[in-house]
Amino acid sequence: MMLLQSLLFTALLAFQNTNVANALPEGLPPRATSGAEACDDGATTGYNRYSAIRFSINSGQQDKEATFVLCPGFYWDLHAAGVSDSTLNVYDGMAVICGEDGKSSNNCTFAKSTDHVFVQDADGTDMILMGIQFVDAWSMSIRTSINKDSSNTLTFIDCHWKNNRGTYFNLVRSTVFVYMHVLLKHCTFESNDPSKDVITVQPSGKVSLE
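None of these values were measured; they are calculated from a predicted model.

Colleague: What am I meant to see in the overall build of the protein here?
Modeller: For the protein, the count of helices and strands is three helices and 19 strands. Going through the 210 residues of the protein one by one, you find that 52% of them count as buried. Considering only contacts in the protein between residues 6 or more positions apart, those separated by 24 or more positions represent 80%.

Laid out in structure tokens, this is it:
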């Protein structure tokens, strides 16, 4: 196991330029429509409830290789909701973006879950999460399965982690735990515990910064 523990790496994460205008990546998959609804901003159609996006992904009614748009202001307090299985499963080819333009200024937040996101498959198609804030995870915020195809990448754009506990049965202390290639673009980590072991990279994985 290789631990990214250096203060330099943590500093690079903290000071990445988040003021760069992040355009939506080219080639995003078709937009998910199953369970989507009109958002409160009056301009966006997307997902404003945890149960709706989770059902859409897991029920088979929506192709998983799709772009799921979160409503601006989307906030999941999974602890308050009493959700026992609160992790969002992300699959090959899936994109999850905050608002129509995928910017963190739209204030989409995953909060107070054991884990925020688990990547179920990693066998050839890129995945994207964009403009999302991850806060107050009790275990690891992001976990991935073993990468089956070294050519694919899990990309985070304009995503931000704050106040995550980063513990897993006292065996692993990390906010992000990966077995695959993870690309971080204009992302930040702030006040996570532990502060040094922000990312744990297993031998089949790697992390890149842009």
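Colleague: What should I look at first to understand the nonpolar core in this one?
Modeller: Nonpolar side chains in soluble globular proteins tend to end up buried together. With 40 residues, the main nonpolar core has Phe68, Leu70, Phe110, Phe134, Leu154, Phe156 and Trp161 as its most contacted residues. Contacts of Leu70, omitting those with residues within four sequence positions, involve Tyr47, Ile53, Val96, Ile97, Cys98, Gly99, Cys108, Phe110 and Ile132. Listed in part, the six residues of the second largest apolar core include Ala95, Ile97, Met130 and Ile157.

Colleague: So what exactly am I meant to see when it comes to the environment of Ser208 here?
Modeller: By secondary structure assignment, the location of Ser208 is in strand β19 (residues 206-209). Take Ser208: its relative accessible area is 24%, and that puts it in the partly exposed class. As a C-alpha pair, Ser208 and Val182 span 26 residues in sequence and 6.3 Å in three-dimensional space. Setting aside residues no more than four positions away along its own chain, Ser208 makes contact with His181, Val182, Leu183 and Leu184. A distance of 2.9 Å separates the side chain of Ser208 from the side chain of His181, its partner in a polar contact.

Colleague: Help me understand the state of the cysteines, please; the structure alone is not making it clear to me.
Modeller: Covalent bonding between the sulfur atoms of two cysteines defines a disulfide. All told, the structure shown has two disulfides when counted by the stated rule. Bridging Cys39 to Cys71, the disulfide has an S-S length of 2.0 Å. In this structure, the disulfide formed by Cys39 and Cys71 twists by about -70° around the S-S bond and is classed as left-handed. Taken together, the residues span a long stretch of sequence, with Cys39 in the loop between β2 (37-38) and β3 (45-46) and Cys71 in the loop between β4 (67-70) and β5 (75-77) at a distance of 32 residues. Covalently, Cys98 is tied to Cys108 through a disulfide, its sulfur atoms 2.0 Å apart. Disulfide Cys98-Cys108: the torsion about the S-S bond is 80°, which places it as right-handed. Residue Cys98 is found in strand β7 (residues 95-98), and its partner Cys108 is found in strand β8 (residues 108-111); the two are separated by ten residues along the sequence. With a relative accessible area of 0%, Cys108 lands in the buried category. Each disulfide in the protein links cysteines that, numbered along the sequence, combine into the pattern 1-2, 3-4. Cys187 supplies the cysteine sulfur nearest to Cys159, a cysteine that is in no disulfide, at a spacing of 5.0 Å.

Colleague: Which parts of the structure should I look at to understand the sheet that holds β5?
Modeller: For sheets, the rule is that strands pair by backbone hydrogen bonds, running either parallel or antiparallel. The five strands are arranged β5-β8-β11-β14-β17 in an open sheet whose pairing can be described as parallel. The open sheet has two free edges, formed respectively by β5 and β17 (188-190), since each of these has just one partner strand. Between one strand axis and the next, the sheet turns through 15° on average, direction left out of account. Taken together, the three bridges between strand β11 (residues 132-135) and strand β14 (residues 160-162) define a ladder with parallel strand orientation. By the bridge assignment for β14, Val135 is matched with Lys162.

Colleague: Hey, could you run me through the pattern of salt bridges in this one?
Modeller: Pairs can form between side chains of opposite charge once their charged atoms are near each other. All chains considered together, the criterion is met by four salt bridges. Between Arg49 and Glu37 there is a salt bridge, with the nearest N and O atoms lying 3.3 Å from each other. Linking Arg49 in the loop between β3 and α2 (50-58) with Glu37 in strand β2, this pair joins segments that are twelve residues apart in sequence. Owing to a relative accessible area of 27%, Glu37 belongs among the partly exposed residues under this scheme.

Colleague: What's the story with the pairing of strand β16 (residues 181-185) in this structure? I'm lost.
Modeller: Looking along a regular strand, one sees side chains alternate from face to face of the sheet. Of all five residues in β16, four are buried; the element is thus mostly enclosed. As judged from the five bridges shared by strand β13 (residues 153-157) and β16, these two strands associate in the parallel manner. In the strand pairing of β16, Thr155 is matched with Leu183. Across four bridges, β16 lies against β19 in parallel orientation. Bridge pairing in β19 places His181 opposite Lys206.

Calculation rules
Residues numbered from 1 in each chain as written. Predicted model: local features only at pLDDT ≥ 70, side-chain atom pairs only at ≥ 80, totals over all residues. Heavy atoms only, no water. Helix = DSSP H or I, 4+ residues; strand = E, 2+ residues; numbered from the N terminus. Buried < 20%, exposed > 50% of the residue type's maximum accessible area, 1.4 Å probe, protein only. Contact = heavy atoms within 4.5 Å. Core = buried A, V, L, I, M, F, W, Y, C linked by side-chain atoms within 4.5 Å. Polar contact = N/O pair within 3.5 Å; in protein donor to acceptor, adjacent residues only side chain to side chain. Disulfide = S-S within 2.5 Å. Pairing = 2+ DSSP bridges. Axes fitted to C-alpha atoms, helices over the stretch in contact; angles between N-to-C directions. Salt bridge = Lys/Arg side-chain N within 4 Å of Asp/Glu carboxyl O.

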